[in-house]
Amino acid sequence: MIANIIMAVAALGFAAVTLNPKLLRSDIWRATVTPLASIIGSGFLVAGPILGHAAGHWAFLGMAGLCLVSWIFGMAIRENIRRAEPMLVDQVSNAIDWLDWAASLALAFAYFVSVAYYLDLLSAFALKGLGIVNPDIGRLVTTAIIGTLGVLGLFGGLRWLEHVELGAVGIKLALIGGVIAALFYTDGADLFAGTLPFEKTANVHGFEAVQILLGLIILVQGFETSRYLGASYDRETRVKTMRNAQLIAFVIYIVFIALLTPWLDGQLPSKGGETHIIDLLRPVGTFIPIFVIGAALTSQLSAAVADMNGASGLLHGALKRVPISFAYVICAGASIAIVWSTSIFGVIVWASKAFVLYYGIQSVTACAVEIIDAKPTRWWRVALFGAVTLLAVAVLVLGKSAEG
């Protein structure tokens, strides 16, 4: 009962901040919200059970490791905002132009996968709220949603949905804040009473656990959207707000996973594993299902719409002969095919690898910029971004699904 009250009061308090009109009108906040919305769009929902399965009571360290990897990839993209973008405008190098074209295609494909991922989760959590846990029904619902978005996109009807992002992020942050507050109270009470459990261990160990963690980059993906906000914000604003978005997301994730750890059971059910967090946290308070499902519904649709818009725009930009309206149809068809090709955990790994392919190309671009730039080459930076490229290759080769 007390946890429910704390959850509700904390959520209202956070909402008063995140939905404050003055904050919503701030250019810095608006530029921060776009990458932040993607970074915490879905990881909050699935990170706990998967990390509990792979890392057990060290789940928070696994989350911290993922945050560190994403920060390193973010360094390459921030470097390219500052230095590669002017080169692209001035057409300084064919190599930089080609790498940017390749990165656009890679990101378009990554968005195909992420649309499937986001809407798969939306369907799973919506059906969980109705007491239905059935992957095939979930795929049918996901297919219907993607098909509808594809048809709307074909007739130019998706752009208006992007405007709900600011409000959706504010609500989602408030709901997450409420859950974290309730966990803080419950964990503290259990710790004081000497009943806080820490004996839970992972179901996988050694190198296999590392492989699963490498396949979870999608949980901290989204910061790259700042690279494509040049029409609205200058370069330094985008660099600053990308950094802010990553730091805010890292704090939320690590605190949440640390507080969630005592509730993890190391299990990842073959059916309903993606919504297992609801079952894990149900003892915390009766509001948990409402808050978690509410966070899912307020985040996944807007994130999917943003990525479908992004994928269609990138595809049209990279392949000029593809009309923007038909690009939506291509995106919808590809996403539906992905939904029916594998489980949600398979989609997570596909999405992670697709985004890491893009990050790897961005890292190669950062190396090329350092070498091509007229200024003296700083070889330590070439070595740094070369190492980041090798990290991307490692994820592509070694990352695996939590289902095996």
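In this text the structure is predicted, and so the values were computed from the model without any measurement. (Residues numbered from 1 in each chain as written. Predicted model: local features only at pLDDT ≥ 70, side-chain atom pairs only at ≥ 80, totals over all residues. Heavy atoms only, no water.)

Engineer: Explain the overall build of the protein to me, and be specific about the residues and the numbers.
Structural biologist: Across its full length, the protein carries 15 helices and zero strands. For 404 residues, the compact-globule estimate of 2.2 N^0.38 gives 22 Å, and the protein sits close to it at 21 Å. Out of the 404 residues belonging to the protein, those deemed buried represent 57%. For the protein, the proportion of contacts with a sequence separation of at least 24, taken over those separated by at least 6, is 85%. For the protein, the exposed area adds up to about 16300 Å²; of that, 69% sits on carbon and sulfur atoms. Of note, the protein has its 25 positive side-chain charges centred 5 Å away from the centre of its 24 negative side-chain charges. (Helix = DSSP H or I, 4+ residues; strand = E, 2+ residues; numbered from the N terminus. Rg over C-alpha atoms; globule rule 2.2 N^0.38 Å. Buried < 20%, exposed > 50% of the residue type's maximum accessible area, 1.4 Å probe, protein only. Contact = heavy atoms within 4.5 Å. Areas by Shrake-Rupley, 256 points an atom, 1.4 Å probe, with all protein chains shown as cover. Lys, Arg positive; Asp, Glu negative; His and termini not counted. Charge placed at Lys NZ, Arg CZ, Asp CG, Glu CD.)

Engineer: Tell me about the packing of aromatic side chains, and please be specific about residues and values.
Structural biologist: What the rule picks out here adds up to 10 aromatic pairs. One aromatic cluster is present, built from ring pairs that chain together Phe73, Tyr111, Phe223, Phe355, Tyr358 and Tyr359. It is arginine 227 that lies over the ring of tyrosine 228; its NZ or CZ is 5.4 Å from the centre. (Phe/Tyr/Trp six-rings, centres within 6.5 Å; stacked < 30°, edge-to-face > 60°. Lys NZ or Arg CZ within 6 Å of the ring centre and 35° of its normal.)

Engineer: Can you lay out helix 13 (residues 324-341) for me, pointing to particular residues and giving the numbers?
Structural biologist: The periodicity of an α-helix, 3.6 residues per turn, causes residues three or four places apart in sequence to face the same way. The end-to-end C-alpha distance of helix 13, which contains 18 residues, comes to 26 Å, matching closely the 26 Å that a straight helix rising 1.5 Å per residue would cover. Every buried residue belonging to helix 13 is among Ala327, Tyr328, Cys331, Ala332, Ser335, Ile338 and Val339, and all of these are buried. Down the axis of helix 13, the buried side of the element spans an arc of 140°, and every buried residue falls inside it. Against helix 6 (94-129), helix 7 (135-154), helix 12 (288-318) and helix 14 (344-372) lie the buried residues of helix 13. (Expected span 1.5 Å × (residues − 1). Arc of directions from axis to C-beta.)

Engineer: Which residues make up the environment of alanine 64, and what values go with them?
Structural biologist: Position of alanine 64 among the secondary structure elements: in helix 5 (residues 59-90). The exposure class assigned to alanine 64 is partly exposed, which follows from its relative accessible area of 28%.

Engineer: How would you explain empty space enclosed by the protein if you had to name every residue and give the values?
Structural biologist: This model, assessed by the stated rule, comprises three cavities of 30 Å³ or more. By volume, the largest cavity amounts to about 40 Å³. What lines the largest cavity is simply Asn80, Ala84, Leu88, Ile96, Leu99, Asp100, Ala103, Arg227, Gln362 and Thr365. Elements that contribute at least two residues to the lining of the largest cavity include exactly helix 5, helix 6 and helix 14. Looking at the lining of the largest cavity residue by residue, the class counts come to five nonpolar, three polar and two charged. (1 Å grid on protein atoms, 1.4 Å probe; cavity = no way out; pocket = protein on both sides within 12 Å on 5 of 7 lines; lining within 4 Å. Points joined across faces, edges and corners; volume = space filled by probe spheres on them. Nonpolar A, V, L, I, M, F, W, Y, C, P; charged D, E, K, R; others polar.)

Engineer: Talk me through the packing of helix 4 (residues 43-55) against helix 6; I want residue IDs and the actual numbers.
Structural biologist: Their axes nearest at 11 Å, the elements helix 4 and helix 6 cross at an angle of 80°. Taken together, the axes of helix 4 and helix 6 are roughly perpendicular relative to one another. On helix 6, the residues touching Gly43, Leu45 and Val46 of helix 4 are Tyr117, Leu121 and Phe125. When grouped by side-chain class, the residues that make up the contact of helix 4 with helix 6 number five nonpolar, one polar and no charged. (Axes fitted to C-alpha atoms, helices over the stretch in contact; angles between N-to-C directions. Parallel < 35°, antiparallel > 145°, perpendicular 65-115°, else oblique.)

Engineer: Summarise helix 5; cite the residues concerned and give the values.
Structural biologist: Taking 1.5 Å of rise per residue, the 32 residues of helix 5 would be expected to cover 46 Å, and the 46 Å separating its terminal C-alpha atoms lies within 8% of that figure. In the segment just after helix 5, glutamine 91 is the residue with positive phi, at about 50°.

Engineer: Explain the pattern of salt bridges to me, and be specific about the residues and the numbers.
Structural biologist: A complete count under the given rule lists 14 salt bridges for this structure. For glutamate 236, the salt bridge is made with arginine 82, and the minimal N-O distance between the two is 3.3 Å. One end of the pair, glutamate 236, is in helix 10 (residues 235-260); the other, arginine 82, is in helix 5, with 154 residues separating them in the sequence. In this structure, arginine 282 and aspartate 279 form a salt bridge, with 3.4 Å as the shortest nitrogen-oxygen distance. What makes aspartate 279 partly exposed here is its relative accessible area of 34%. (Salt bridge = Lys/Arg side-chain N within 4 Å of Asp/Glu carboxyl O.)

Engineer: I'd like to hear about the nonpolar core, residue by residue, with values.
Structural biologist: The biggest cluster of nonpolar side chains holds 123 residues, and the ones touching the most others in it are Ile50, Met63, Tyr117, Phe125, Phe256, Leu281 and Tyr359. Examining the composition of this core, we find that 19 residues originate from one element, helix 6, more than from any other. For tyrosine 117, the residues in contact, after removing those within four places along its chain, are Ser42, Gly43, Val46, Ile218, Leu219, Ile344, Val347 and Ile348. (Core = buried A, V, L, I, M, F, W, Y, C linked by side-chain atoms within 4.5 Å.)

Engineer: Got a sec to walk through the packing of helix 9 (residues 206-214) against helix 15 (residues 379-398)? Specific residues and values, please.
Structural biologist: At their nearest, the axes of helix 9 and helix 15 sit 9 Å apart, and the two run at 110° to each other. In terms of their interaxial angle, helix 9 and helix 15 are classed as roughly perpendicular. In this structure, helix 9 uses Phe207, Gln211 and Leu214 to contact helix 15, whose residues at the interface are Ala394, Val395 and Leu398.

Engineer: Outline the confidence of the model for the protein, supporting the account with residue identities and numerical values.
Structural biologist: Here the protein averages 85 in pLDDT, while 96% of its residues score no lower than 70. Element-level mean pLDDT values for the protein span from 80 in helix 12 up to 92 in helix 10. (pLDDT = per-residue confidence, 0-100.)

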